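What follows is each chain in one-letter form.
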Amino acid sequence: MLSKNLEKALNDQINFEYYSAYTYLAMSAYAEEMDFPGAANFFKVQAQEELDHARIIYNYVFQKGGRVELEAIKKPRVSYDNILDVFEEGLKHEQMVTKRIYNLADIALDEKEHATMSFLRWFIDEQVEEEESFSNLVKKIKRASDSLANMYMIDDELATRTYVPSIKASEQA
Ligand SMILES: [Fe+2]
């Protein structure tokens, strides 16, 4: 069983994962418009991963006998200054996600809810990679931003990212 408090926090995170997917899809649309198809691909893949995260938490709440109540998804930011701005916002977004996951883990820890603590470990580890990947890209793009040729090289790299579905072991039962 989940406490009402933890159930609410997990439901909030389901909503936030959908909002993250929306945010990244808006970033993809912006990159598309700015003629960076590789970056557009990168963010589209990112958006798909966020949908996986939402589904994983959704399934977990049911597994624990809880209730899922879906809320409206907030409109994401749709305009940016330039492509660097998009990646910087992506990094900030991931830092915010990390805080939210830590907050969830704090609640689980307070309640001595070991199953949820164990469930969240995957998300905690995932955030280390997310922040690292965005901060590396921000650095790269900053270095390249005065040369369009270098920017297009990075864009070609971003075009190679492919979507690999995230499936948690608990979902395979
Ligand atoms: Fe996520």
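Up top is the structure.
The structure presented is a predicted model; accordingly, all values stated were derived computationally and were not measured.

Caption draft 1: Inspection of the overall build of the chain at higher detail. When its secondary structure is counted, the chain shows five helices and zero strands. A compact globule built from 173 residues would reach a C-alpha radius of gyration of about 16 Å, and the chain, at 17 Å, matches this within 12%. Each principal axis of the C-alpha distribution contributes one length, and for the chain these read about 55 × 30 × 25 Å. A burial count over the chain gives 48% of its 173 residues as buried. A fraction of 81% describes how many contacts in the chain between residues 6 or more apart in sequence connect residues 24 or more apart. For the chain, the accessible area works out to roughly 9,500 Å², and carbon and sulfur atoms hold 54% of it. Placing the 20 positive and 31 negative side-chain charges of the chain at their respective mean positions leaves the two points 4 Å apart.

Caption draft 2: Spatial organisation of helix H2 (residues 37–63). For H2, which comprises 27 residues, the first-to-last C-alpha distance of 39 Å matches the rise-based estimate of 39 Å (1.5 Å per residue) to within 8%. Where H2 ends, the next residue or the one after it, glycine 65, has phi of about 75°, a positive value.

Caption draft 3: The packing of helix H1 (residues 4–33) against H2, seen in detail. Relative to each other, H1 and H2 sit at 170°, their axes nearing to 8 Å. It follows that H1 is roughly antiparallel to H2 by the angle criterion. Considering only residue class, the contact of H1 with H2 consists of 18 nonpolar, five polar and four charged.

Caption draft 4: Region of interest: the packing of aromatic side chains. Per the stated rule, a full pass over the model turns up 15 aromatic pairs. With 5.6 Å between their ring centres and 45° between their planes, phenylalanine 42 and phenylalanine 87 make a pair best called tilted. One end of the pair, phenylalanine 42, is in helix H2; the other, phenylalanine 87, is in helix H3 (residues 83–110), and 45 residues separate them in sequence. On the basis of relative accessibility, which here comes to 5%, the residue phenylalanine 42 falls in the buried class. Consider the rings of phenylalanine 42 and phenylalanine 134, whose centres lie 5.7 Å apart with planes at 85°: the pair is edge-to-face. Placement of phenylalanine 42 in helix H2 and of phenylalanine 134 in helix H4 (residues 114–144) is noted, with a sequence separation of 92 residues between them. The exposure class of phenylalanine 134 is buried, given its relative accessible area of 0%. Taken together, the ring pairs connect Tyr24, Phe42, Phe43, Phe87 and Phe134 into an aromatic cluster. The ring centre of tyrosine 19 lies 4.8 Å from the NZ or CZ of lysine 74, which sits over that ring. Seen from the ring of phenylalanine 16, arginine 100 lies directly overhead, with NZ or CZ sitting 4.2 Å from the centre.

Definitions and limits used
- Residues numbered from 1 in each chain as written.
- Predicted model: local features only at pLDDT ≥ 70, side-chain atom pairs only at ≥ 80, totals over all residues.
- Heavy atoms only, no water.
- Helix = DSSP H or I, 4+ residues; strand = E, 2+ residues; numbered from the N terminus.
- Rg over C-alpha atoms; globule rule 2.2 N^0.38 Å.
- Buried < 20%, exposed > 50% of the residue type's maximum accessible area, 1.4 Å probe, protein only.
- Contact = heavy atoms within 4.5 Å.
- Areas by Shrake-Rupley, 256 points an atom, 1.4 Å probe, with all protein chains shown as cover.
- Lys, Arg positive; Asp, Glu negative; His and termini not counted.
- Charge placed at Lys NZ, Arg CZ, Asp CG, Glu CD.
- Expected span 1.5 Å × (residues − 1).
- Axes fitted to C-alpha atoms, helices over the stretch in contact; angles between N-to-C directions.
- Parallel < 35°, antiparallel > 145°, perpendicular 65-115°, else oblique.
- Nonpolar A, V, L, I, M, F, W, Y, C, P; charged D, E, K, R; others polar.
- Phe/Tyr/Trp six-rings, centres within 6.5 Å; stacked < 30°, edge-to-face > 60°.
- Lys NZ or Arg CZ within 6 Å of the ring centre and 35° of its normal.

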